[in-house]
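Chain residues, written in single-letter form:
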Amino acid sequence: MLLGVAAFSARVFIDGDTNWHVAAGHWILAHRTVPTTDPFSYTFFGHRWIAHEWLSEVLMALAYGAAGWAGVVLFIGACAGLAFWMIARELQLWMGPFAQIVALVLTFCCLEPFLYARPHIIATPVLVFWTRQLLAARRKGKAPPLELAPLMVLWANLHASFIFGLALIGPFALEALVEQPDKLRTLRDWAFFGLVAAAFALATPQAFEGIIFPFMVLGMKVLPNILEWRGANFQNPTLFEGVLLVTLFFGLWRGVKVPIFRLILLVGLVHMALQHVRQEAVLAALAPLLLAEPFGRALKPQRDGPRLTAPVGWKPGWRVASVPVAIVLAVTTLGVIGARIAIPLVRRDNPNVPVTAIAHVPPQLMGQHVLNEYAFGGYLIFKGVKVFVDGRADMYGDAWVQQYLAIVGGQQPEVDKAFKRWNITWAIVSPKDGIVRLLDDRPGWRRLYSDPYAVLFARDDALGLPPPAGPATPAAKPGTKP
């Protein structure tokens, strides 16, 4: 289901950063090394850049090379589907069919809005698998097997969410320490596993810097200016709000009891999701795993009235033949893949990817300095343009992003200083930016194209056009000095 949604949903490409991730993967494959300095902007070219998602970018580039953008969406859909399947397997341990369906629908409602072609989706199956292994270790009364720890090498090179994996060890270790009779052995085994996992997490091109990086990003002051880092907004109804309320309703109604350390972890995840919208996807992936057992134990069959779920350990009294089901699933999956590859995937305009506007850029401008909207930087990089700014706010830093916001806001003298310093010859900005009116009135500049998503400007001399003629000088009277 998720493979099909990803394959044919326009939302998969709603984020402009998708494009520079693929471009970064192409760069890594071409140079056979992970970049340590910026190769994509002209303002920060050569500055230090922590390419912490390099492995995801390589995988995205390989998918693009295999089947174009169709390959990318199918790869993202496969990763999302794998994560969703593992969540379903955990729910199946504790819930009957009706409760499983409700839980999976709620999970889907939270995950689908974040089904972007970005590295966080690629890392989600690893997050789910890791958490399931920690839960399994707790059920067995043992520390996780050391064979699990090397998974950190993969995870740490895919996405910064590996920090969650390391953080999850703490609550489960404390829970084990409280419940297990052999305290010393429990502390030793869980601590050793945590240290080994942390050591494997250092196996990245950035080593210790990769561990510090996520905390550095969280400390940036400009995060409220970036949509995915803003707090949740409940002024209008959202799927996330609905999921929270439904979960709260069933939890209170059925008297669900969550173990203390898992409850602390869950409350922390809810706080993160409320603080930053992008963390809703993490909550959506982890909450079903943490709540499966408590809800399964609470939703017991009632002697009087209808059942909400079967007992814990429920086994159906009937069985569906596995071979026909497998054939149907295989045919359906191959049908989705074939349809997506056969039907041309045409990139459409959206607020972050101005496909049509960039198609109107004259070829002679593509190699010159541009002032671009923050969200447009990813697609410009994919098109081979050196950008003024893009979605890598962590590389540019607070001061530069604040300066950029002043420039696109049309504030003087920042605009004149930037245009002079960088010799900017064209601009592609959002119609909502304050600089639009300034460029419309700026001598020697002209509007080349505009639509609801982008406005394109260029300097006359960059287009090879003569400067506009000034006002005519009145003729001098006979016998006077002109």
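Residues numbered from 1 in each chain as written. Predicted model: local features only at pLDDT ≥ 70, side-chain atom pairs only at ≥ 80, totals over all residues. Heavy atoms only, no water.

Draft legend 1. Local environment of the environment of Gly-210. For Gly-210, the position within the fold is in helix H9 (residues 208–218). Residues Gly-210 and Val-331, 121 residues apart in the sequence, show an inter-C-alpha distance of 42 Å. (Helix = DSSP H or I, 4+ residues; strand = E, 2+ residues; numbered from the N terminus.)

Draft legend 2. Geometry of the packing of helix H3 (residues 54–92) against helix H6 (residues 151–158). Orientation of H3 relative to H6, taken along the N-to-C sense of each, is 75°, at an axis distance of 5 Å. In terms of orientation, H3 and H6 fall into the roughly perpendicular class. On H6, the residues that touch Trp-54, Leu-55, Ser-56 and Leu-59 of H3 are Leu-154, Asn-157 and Leu-158. Of the residues assigned to the contact of H3 with H6, the class counts are five nonpolar, two polar and no charged. (Axes fitted to C-alpha atoms, helices over the stretch in contact; angles between N-to-C directions. Parallel < 35°, antiparallel > 145°, perpendicular 65-115°, else oblique. Contact = heavy atoms within 4.5 Å. Nonpolar A, V, L, I, M, F, W, Y, C, P; charged D, E, K, R; others polar.)

Draft legend 3. Layout of the environment of Val-361. Topologically, Val-361 is positioned in the loop between helix H14 (355–359) and strand S1 (370–372). Through-space distance from the C-alpha of Val-361 to that of Leu-74 is 30 Å; in sequence the pair is 287 residues apart. Among residues more than four places away in sequence, those in contact with Val-361 are Met-366, Trp-426 and Leu-456.

Draft legend 4. Focus on the side chain of Arg-262. Considering the arrangement of structural elements, one finds Arg-262 in helix H11 (residues 260–275). Those residues in contact with Arg-262 that sit more than four places away from it in its chain are Leu-135, Arg-138, Phe-172, Glu-175 and Glu-293.

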